[in-house]
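Working through the structure, step by step
Here are the chains, one letter per residue:
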Amino acid sequence: MLKNRKWQSLATTALLLTLAACNAEQWGDNKHLQPLSSKIKSEIKDIGSTKNAPLYIRIFKKEAVLEAWKQKKDGTYALLKTYPICAYSGEVGPKKKEGDRQAPEGFYAITPGQMNPNSSYYLSFNLGYPNKFDRSYGRTGKHLMVHGSCSSRGCYAMEDEPIAEIYALGREAFEGGQRSFKVHAFPFRMTPENMAKHRKSEHFPFWVNLKNGYDHFQVTKKPPNVEVCNRTYVFNPQGGGSFNAQGPCPDYTIEPSLMAALQSKRSAEEIQFQKAIRALEEKAAEKQADDLETIADAQRDILTRRKRISEGKNPDGFIAGLIQGNPTTSGSTAPTLASQAPVSGQAVPASAQTPAQPGGVSGFFKSISSGISNPFKKTPPAPVAAETVTLPATPKPKS
């Protein structure tokens with residue numbers, strides 16, 4: 001194992017030096033070979049890691065941040081540094097086709113061959129989109145990068161100084177023997193509150209699947225082993241044979257202590273999820289009530305002005321009266337909007353007082369053991385007075 005790692009380190013170093021020698025004029029100062037600063041080296045030491053230890057990266061699109069994690073001696077990962085993402089394309093949601101200008105979301109792995117020292121955007125590495133999951137849905141696109149120059153057309157763009165440091169962290173990890181470092185791109189930090197906020201999105205089933213992998217890392221502080229079957233990501237499976245991205249999932253198990261930790265986490269988060277939904281519904285109801293009151297006030301003002309104008313009592317003057325509207329005559333009718341809005345002394349219809357209630361949403365935690373049901377099948381709306389979300393019991397892993 002040590003010999004193999006030593007050989008990999010020597011081979012990687014030789015490749016980098018060869019490329020630098022062949023393209024020295026084009027690359028100028030050999031920016032891809034910039035050493036790590038003494039400051040970042042000190043920060044690596046402070047978290048109990050080394051510069052050649054394995055690297056792990058998480059991206060949060062909505063928050064526009066990239067996290068760099070380094071492996072410690074016990075095998076777990078510690079957060080080294082959080083970098084601001086200067087720009088990304090599109091909105092939250094996965095990339096689906098060439099030209100949609102969406103930045104990818106999902107689970108990707110970066111090999112030395114995906115590192116580009118000759119990038120038109122200072123430095124870059126290719127995310128490897130589309131991966132097996134993306135291809136199972138027929139998704140298309142190429143050259144999706146994390147790069148410098150703060151300009152994005154489907155990529156995650158950084159300022160030049162941060163990408164240089166991230167690039168160097170990856171280079172050092174490769175020289176330490178890591179064959180690939182993982183980049184997991186999420187739409188947002190996948191808290192119960194954020195999941196509740198986005199529960200009505202068309203992408204919600206996809207994000208449920210991503211959250212499963214997010215939870216595995218939150219529990220273990222180790223990047224999960226990722227497989228794809230039934231066009232679904234699965235995480236840390238044990239046994240089960242081969243995985244086919246478009247075929248049914250094989251029988252597999254999850255380590256019992258990990259399963260127990262995930263179940264405990266999800267039970268607690270389901271309570272937070274339900275609480276967040278109730279808070280969002282109350283806020284929406286308050287906003288609708290305020291909006292209705294604003295409309296009612298405006299319509300009362302219009303009717304009052306029309307009445308005073310028709311009586312020859314226009315306090316705003318002739319020109320203002322023309323701006324507000326011509327005097328009502330005996331044969332005219334009030335505007336449609338006025339006829340629909342409440343006026344002084346008129347009760348607001350019950351249908352206008354209570355906001356329409358969205359349909360029920362199934363719990364956002366899916367089965368994490370074998371026999372995964374299709375997470376992309378939407379639950380039909382339930383005829384209930386208020387939105388409720390029920391967390392299904394997590395099935396026991398197969399023996």
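What this report covers is the structure whose coordinates are included nearby. Note that this is a predicted model, so its numbers are computed, not measured.

Cut-offs applied
Residues numbered from 1 in each chain as written. Predicted model: local features only at pLDDT ≥ 70, side-chain atom pairs only at ≥ 80, totals over all residues. Heavy atoms only, no water. Helix = DSSP H or I, 4+ residues; strand = E, 2+ residues; numbered from the N terminus. Buried < 20%, exposed > 50% of the residue type's maximum accessible area, 1.4 Å probe, protein only. Contact = heavy atoms within 4.5 Å. Areas by Shrake-Rupley, 256 points an atom, 1.4 Å probe, with all protein chains shown as cover. Disulfide = S-S within 2.5 Å. Pairing = 2+ DSSP bridges. Expected span 1.5 Å × (residues − 1).

1. Examining the overall build of the chain
A count of helices and strands for the chain gives eleven helices and twelve strands. Counting only residues that meet the buried cut, the chain has 43% of its 399 residues in that class. The long-range fraction of contacts in the chain, counting pairs at least 24 apart against all pairs at least 6 apart in sequence, stands at 62%. Surface exposure of the chain reaches about 20700 Å², of which carbon and sulfur atoms provide 54%.

2. Concerning the environment of threonine 140
Here threonine 140 lies in the loop between helix H4 (132-136) and strand S8 (145-147). Judged by relative accessible area, which is 36%, threonine 140 ranks as partly exposed. Between the alpha carbons of threonine 140 and glutamate 98 there is a distance of 5.2 Å; along the sequence they are 42 residues apart. Residue contacts for threonine 140: discarding those within four places in its chain leaves Lys95, Lys96, Lys97, Glu98 and Tyr129.

3. Considering the state of the cysteines
One pass over the full model with this rule turns up two disulfides. Here cysteine 86 engages in a disulfide with cysteine 150; their sulfurs sit 1.7 Å apart. Residues cysteine 86 and cysteine 150 share a disulfide whose torsion about the S-S bond is about -60°; that sign makes it left-handed. Note that cysteine 86 is positioned in the loop between strand S3 (77-84) and strand S4 (87-88) and cysteine 150 in the loop between S8 and strand S9 (156-157), a separation of 64 residues in sequence. A sulfur-sulfur distance of 2.0 Å marks the disulfide that ties cysteine 229 to cysteine 249. Looking down the S-S bond of the cysteine 229 and cysteine 249 bridge, the torsion is 90°, so its handedness is right-handed. Of this pair, cysteine 229 sits in strand S11 (residues 226-229) while cysteine 249 is found in the loop between strand S12 (232-235) and helix H8 (256-310), placing the two residues 20 residues apart along the sequence. For cysteine 229, a relative accessible area of 0% puts it in the buried group. Cysteine pairing for the chain, with bonded cysteines counted in sequence order: 1-2, 3-4.

4. With respect to the pairing of strand S5 (residues 106-110)
Within S5, four of the five residues are buried, which leaves it mostly tucked inside the rest of the structure. By the bridge criterion, five bridges tie S5 to strand S10 (residues 181-186) in an arrangement that is antiparallel. Residue pairing in the sheet places tyrosine 108 in a bridge with valine 183 of S10.

5. Some remarks on the environment of proline 250
Mapped onto the fold, proline 250 is located in the loop between S12 and H8. For proline 250, a relative accessible area of 15% gives the class buried. Taking the C-alpha atoms as reference, proline 250 lies 5.0 Å from glycine 240; in sequence the two are ten residues apart.

6. So, helix H7 (residues 204-220)
Taking 1.5 Å of rise per residue, the 17 residues of H7 would be expected to cover 24 Å, and the 24 Å separating its terminal C-alpha atoms lies within 8% of that figure. The buried fraction of H7 is high, at 14 of 17 residues. Lysine 221 occupies a position one or two residues after H7 and carries a positive phi of about 55°.

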